[in-house]
Amino acid sequence: MRLLAFFGQCGGDIDGLQAVFAEDHAKAVMTVQYEGLSAQEVPPGISTSIPTDVSKWFSSFTRHIMNPVITLYVGPERVKFHAYEDTLCQISFFSAGLRGNFKEAAEKVISLPEDDPSHVSALIEYLCTGNYTCMYDPASAPLQEGSNAPVGDIRQGLFHIGVHVIAAKYDCPVLDAMATKNFETVVTELDSINALRLWQAAYADDLRLPSRKRDLELYCDGRGLVAWVKFLFAEHKGEMEKTMMDYPALSCDLLQIAVSED
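Residues numbered from 1 in each chain as written. Predicted model: local features only at pLDDT ≥ 70, side-chain atom pairs only at ≥ 80, totals over all residues. Heavy atoms only, no water.

1. As for the sheet that holds strand S1 (residues 69–74)
Stated formally: When DSSP finds two or more bridges between two strands, those strands count as paired. Here a strand is any run of E in DSSP of at least two residues, a helix any run of H or I of at least four, and the numbering for each starts at the N terminus. Between N-to-C directions, angles span 0 to 180 degrees; the directions come from axes that are lines fitted to C-alpha atoms, helices contributing only their stretch in contact.
Taking strand neighbours across the sheet as the criterion, the three strands line up as S2-S1-S3 in an open arrangement whose pairing is mixed. Strands with a single pairing partner mark the edges of an open sheet, and in this sheet they are strand S2 (79–84) and strand S3 (109–112). Neighbour to neighbour, the strand axes of the sheet diverge by 25 degrees on average, direction disregarded.

Structure, rendered in structure tokens:
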């Protein structure tokens, strides 16, 4: 769209577009061609030095890649990442450190020892592209009871919880909403007991069950969240007792759902 708008400003034809680029190119060529010559050797009206505002000739992408590159050391193992400063400075935490009176601004280095590298990677990818890639190893997923088959996508759900945590920590609400939606998509496809275990992990990181009625109907193969909770209380009493002891906020929400109308 930006290219079309620019094309329109050039008269709407190829000749107009070529003229604009030719003019800018000619300015740069003349500047270089006559640089270093004496005033008598340079034709009238030609500058002999590179203009200070040359950056205005560059595209927004070119200006972006001219930005300082920041090194991030993430996690206890200090996994190294590189990112452009203006990319990171979309987040107020990084902007304050890199553009304030701090050593990070001078050294262009940030340490995040408490964060998970895969979740920070998702944050940076989101800042660059508006989305993120789920990173998990299916081979490391736990196996279903009495089977060699892995539990379907439970590790994928855990990854989205981690992205939710990093988004909340660095005040990135759009990424937080994206991670929450991705998590709910995964958890609705799990069997009942593993969905409960994934929600236990979610509540440990302050991610809550949906409250909208239309969201409640997504659970357990279309049976709805109410039917799922009632099934858990009927068929998995031991796990529900553990939930009530270890995850009181989750158990309270589950009880409220259990007594609600279908």
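2. Quick notes on the packing of aromatic side chains
Rules: For this analysis, a ring pair means two rings from Phe, Tyr or Trp (six-membered ring only for Trp) whose centres lie within 6.5 Å, classed as stacked if their planes differ by under 30 degrees, edge-to-face if by over 60, and tilted for the remaining angles. Burial classes: relative accessible area under 20% of the type maximum marks a residue as buried, over 50% as exposed, and values in between as partly exposed (1.4 Å probe, protein chains only). In this scheme, the term charge over a ring applies when either NZ of a lysine or CZ of an arginine sits within 6 Å of the ring centre and within 35 degrees of the ring normal.
All told, the structure shown has six aromatic pairs when counted by the stated rule. Judged by centre distance (5.1 Å) and plane angle (55 degrees), the rings of Phe93 and Tyr170 are tilted. Separated by 77 residues along the polypeptide, Phe93 in helix H5 (residues 92–98) and Tyr170 in the loop between helix H8 (154–169) and helix H9 (173–187) bring together distant segments of the chain. Their ring planes at 25 degrees and their centres at 5.4 Å tell us that Phe94 and Tyr170 sit as a pair that is stacked. You can see Phe94 sitting in helix H5 and its partner Tyr170 sitting in the loop between H8 and H9, a full 76 residues away along the chain. By relative accessible area, Tyr170 is classed as buried at 4%. The cationic tip of Arg78 hangs over the ring face of Tyr73; the distance from NZ or CZ to the ring centre is 4.1 Å.

3. Some points on the packing of H9 against helix H10 (residues 192–204)
Note the following rule: Throughout, the term roughly parallel applies to angles under 35 degrees, roughly antiparallel to angles over 145, roughly perpendicular to angles from 65 to 115, and oblique to all others. Two residues qualify as a contact provided that any one of their heavy atoms is within 4.5 Å of a heavy atom in the partner residue. Three classes are used, and their members are as follows: Ala, Val, Leu, Ile, Met, Phe, Trp, Tyr, Cys and Pro are nonpolar, Asp, Glu, Lys and Arg are charged, and the others, Gly among them, are polar.
Interhelical geometry of H9 versus H10 gives an angle of 160 degrees and a closest axis separation of 10 Å. Comparing the axis directions of H9 and H10 gives the class roughly antiparallel. Counting all contacts with H9, which are made through Phe183, Val186 and Val187, the residues of H10 involved are Ala195, Leu198, Trp199 and Ala202. Partitioned by chemical class, the residues of the contact of H9 with H10 number seven nonpolar, no polar and no charged.

4. So, the side chain of Thr180
Position of Thr180 relative to the elements: it lies in helix H9. By relative accessible area, Thr180 is classed as buried at 18%. With residues near it in sequence (within four places) discarded, Thr180 still touches His164 and Leu207.

5. Points about the nonpolar core
This is how the line gets drawn: Remark: nonpolar core denotes a set of buried residues (Ala, Val, Leu, Ile, Met, Phe, Trp, Tyr, Cys) joined through side-chain atoms within 4.5 Å.
Counting residues in each nonpolar core, the largest one holds 27 residues, and the members touching the most others are Leu72, Leu88, Phe94, Leu112, Leu123 and Leu175. Taken together, the elements giving at least two residues each to this core come down to S1, S2, H5, S3, helix H7 (117–129), H8 and H9. Among the elements that line this core, the one with the most residues is H7, at six residues. Membership of the second largest hydrophobic core comes to 24 residues, among which are Ile161, Trp228, Leu232 and Ile257.

6. Some words on helix H14 (residues 248–258)
The following threshold applies: What the arc measures is the spread of directions leading from the helix axis to the C-beta atoms.
Along H14, the residues that are buried comprise Leu250, Ser251, Leu254, Ile257 and Ala258. Down the axis of H14, the buried set is contained in an arc of 120 degrees. They therefore lie on one face. For H14, the exposed residues set more than 90 degrees away from the buried face come down to Pro248 and Gln256.

7. Some remarks on the confidence of the model for the protein
This is how it is decided: The quantity known as pLDDT measures the predictor's confidence residue by residue, on a range of 0 to 100.
Residues with a pLDDT of 70 or more make up 61% of the protein, whose mean pLDDT is 75. Below a pLDDT of 50 lies the segment residues 1–10, which in the model reaches eleven contacts outside its immediate sequence neighbourhood of four places, other chains included. The model gives residues 28–35 a pLDDT under 50, and that stretch makes twelve contacts with residues more than four places away or in other chains.

8. Concerning the pattern of salt bridges
Stated precisely, the cut-off is as follows: Salt bridges, as used here, are contacts in which a Lys or Arg side-chain nitrogen is within 4 Å of a carboxyl oxygen on Asp or Glu.
Enumeration according to the criterion identifies six salt bridges in this entry. We note a salt bridge from Lys108 to Glu85, for which the minimum N-O separation is 2.8 Å. Of the two residues, Lys108 sits in the loop between helix H6 (103–107) and S3 while Glu85 sits in helix H4 (residues 85–88), which places them 23 residues apart along the sequence. By relative accessible area, Lys108 is classed as partly exposed at 23%. In this structure Glu85 comes out as buried when scored by relative accessible area, which is 8%. The partner of Arg208 in a salt bridge is Asp206, with the nearest N and O atoms 3.4 Å apart. A cluster of three or more residues bridged by salt bridges with shared partners is formed by Glu85, Arg99 and Lys108.

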